[in-house]
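A closer look at the structure
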Amino acid sequence: MTCGPDETPLPVRVTRPTPFLDRLPPPAQPLPRWRIDLTPPDITPWRAGNCGIPGVMHYEGRRPGPHIVCVSLIHGNEFSGAIVLDRLLRARIRPRSGRLSFIFANPEAMDLFDPRDPVRARCVDEDMNRVWSPATLDSARSAHELDRARVLLPVILTADRLLDLHSMLWPGDPLVLSGLAAAGRQMAQRIGGITTAVADQGHRSGCRLIDHPRFSDGGPAAACLLEAGQHWHESTVNRAMQAVMSLIGPCCGLPVPATAAPVPQRDMVVTNVVTARTGAFRFVAPFRGGQVLPARGTLVAHDGRDEIRTPYDRCMLVMPNLRPARGHTAVRFARAVSSPA
Ligand SMILES: [Zn+2]
């Protein structure tokens, strides 16, 4: 992470000088038609839960061991994780040691899924992955996702290892996200089948589940977020299954699939979060998540009058949002933890 004299990061955002003000950004392209190969799973048997908390299936092994928690449906339209947990529950998977919890976080959002408007089912009221700070959880405010987070909190507060299952709207390499705490970063290295681990500080707009103090205060509890692939693709389900099996296989006495490679090949840390300041944020090309731009200073996007450029060589684009709304994260820049010389 240290920079030599020739590696001083360049500014990411540069406002164009006035002679170029009349240059218009490229026009917005219409949203693509998303390929939808999956349908939401029938999770009727699990909606009531089995431990007093709706949507939480909890099992205890005979021997002591960690409490492993797998979370699906933090975003209702990302149901590949729910498909995985439903399959494992129907296969009657049980821990031999420790405790195992499967969470269907927001079935009510998934119930809104409509293939004609598939992004709509992300939430009922608000983004459930921005409500996990103690201040927000303890506040007097009420909303569907926030109230649901409060109901799930007792499970979260006893988790030793938590994997939050997500997928991505735009094409990109699958990745495991962690916060900057050591426990989460170590856990990310052990998630099977995923070759990119990315550590970041989270979002200014609110606290993610993996950033709850349970996992971010330097203690032993660890949490990661899996972006298993694109929404609604069967390959995303398969990858999420590999990742879950690599986590729960040992405590359930199941073999971890040989295809679940244990060590990520890329260990990245986010250095910059680019937020769209205007409603006219346009990437100069349809970049893919995980794409590495070799030269620093490469033009990535226009944001109104501003140009967005990569700050250093070998800059990885983390989950570019090709149609960001004003105020939303458009892309994050990441570099390798130990950059090759
Ligand atoms: Zn998500």
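Residues numbered from 1 in each chain as written. Predicted model: local features only at pLDDT ≥ 70, side-chain atom pairs only at ≥ 80, totals over all residues. Heavy atoms only, no water.

Right, let's get into the sheet that holds strand 7 (residues 196-199). Ordered by their spatial adjacency, 11 strands build an open sheet running 2-4-3-5-8-6-7-9-15-14-11, and the pairing between neighbours is mixed. Either end of the sheet is taken by a strand with one partner, and the two such strands are strand 2 (56-60) and strand 11 (292-293). Examined bridge by bridge, strand 14 (residues 315-318) and strand 15 (residues 329-336) share 3 bridges and lie antiparallel to one another. Across the sheet, residue Leu317 finds its bridge partner in strand 15, namely Phe333. Sheet strands in contact with helix 1 (residues 80-90) are strand 2, strand 3 (63-72), strand 4 (97-104) and strand 5 (161-168), and its direction is about 130° off that of strand 4. Of the strands in this sheet, strand 3, strand 4, strand 5 and strand 8 (222-230) touch helix 7 (residues 234-252), which is tilted by about 150° from strand 8. (Pairing = 2+ DSSP bridges. Helix = DSSP H or I, 4+ residues; strand = E, 2+ residues; numbered from the N terminus. Contact = heavy atoms within 4.5 Å. Axes fitted to C-alpha atoms, helices over the stretch in contact; angles between N-to-C directions.)

Before going further, it helps to examine helix 7. Approximately 40° is the largest bend angle found in helix 7, and it occurs at Ser246, with the proline Pro250 only one to four residues beyond. With its phi angle positive at about 70°, Gly253 sits one or two positions after the end of helix 7. (Bend = angle between axes of the 7 residues up to and from the residue.)

In terms of domains, the chain is made up of domain 1 (5-30 + 269-336) and domain 2 (44-252). Put simply, the middle of domain 1 and the middle of domain 2, counted by C-alpha atoms, are 29 Å apart. Across the contact, 14 residues belong to domain 1 and 15 residues belong to domain 2. When domain 1 packs against domain 2, close to 1,200 Å² is buried across both sides, 62% of that on carbon and sulfur atoms. Seen at the junction of domain 1 and domain 2, the total is 2 salt bridges. One salt bridge connects Asp173 with Arg288, and the closest N-O pair in it is separated by 3.1 Å. There are 6 residue pairs in polar contact (both at pLDDT 80 or more) connecting domain 1 and domain 2. Secondary-structure elements contributing two or more residues to the side of domain 1 that touches domain 2 are strand 9 (266-275), strand 14 and strand 15. When its residues are assigned to classes, the side of domain 1 that touches domain 2 shows 7 nonpolar, 4 polar and 3 charged. (Domains from an automatic or database assignment. Buried area = accessible area lost by both parts, 1.4 Å probe. Salt bridge = Lys/Arg side-chain N within 4 Å of Asp/Glu carboxyl O. Polar contact = N/O pair within 3.5 Å; in protein donor to acceptor, adjacent residues only side chain to side chain. Nonpolar A, V, L, I, M, F, W, Y, C, P; charged D, E, K, R; others polar.)

Moving on to the pattern of salt bridges. Counting across every chain of the model gives 20 salt bridges. Between Asp147 and Arg150 there is a salt bridge, and its shortest N-O distance comes to 2.9 Å. Within this pair, Asp147 and its partner Arg150 are both found in helix 4 (residues 144-156), separated by 3 residues, close to a single helical turn. Relative accessible area serves as the criterion here: at 29%, Asp147 is assigned to the partly exposed category. Across the pair Arg332 and Asp200 runs a salt bridge whose closest N-O atoms are separated by 2.8 Å. One end of the pair, Arg332, is in strand 15; the other, Asp200, is in the loop between strand 7 and helix 6 (213-216), with 132 residues separating them in the sequence. Considered together, Arg332 and Asp200 belong to a single accessibility category, that of buried residues. (Buried < 20%, exposed > 50% of the residue type's maximum accessible area, 1.4 Å probe, protein only.)

Right, let's get into the packing of aromatic side chains. Between two aromatic rings, the relevant description is the distance of the centres plus the angle of the planes. Per the counting criterion, the structure on display carries 5 aromatic pairs. Ring centres of Phe79 and Phe113 lie 4.9 Å apart, and the angle between their planes is 85°; on these two criteria the pair is classed as edge-to-face. Taken together, the residues Phe79 in the loop between strand 3 and helix 1 and Phe113 in the loop between helix 2 (107-110) and helix 3 (134-137) connect sequence positions 34 residues apart. Assessed through its relative accessible area of 1%, Phe79 is described here as buried. Given the relative accessible area of 13%, Phe113 is considered buried. In this structure an aromatic cluster arises from ring pairing among Phe79, Phe113 and Trp232. The ring of Tyr312 carries the charged tip of Arg335 above its face, separated from the ring centre by 4.2 Å. (Phe/Tyr/Trp six-rings, centres within 6.5 Å; stacked < 30°, edge-to-face > 60°. Lys NZ or Arg CZ within 6 Å of the ring centre and 35° of its normal.)

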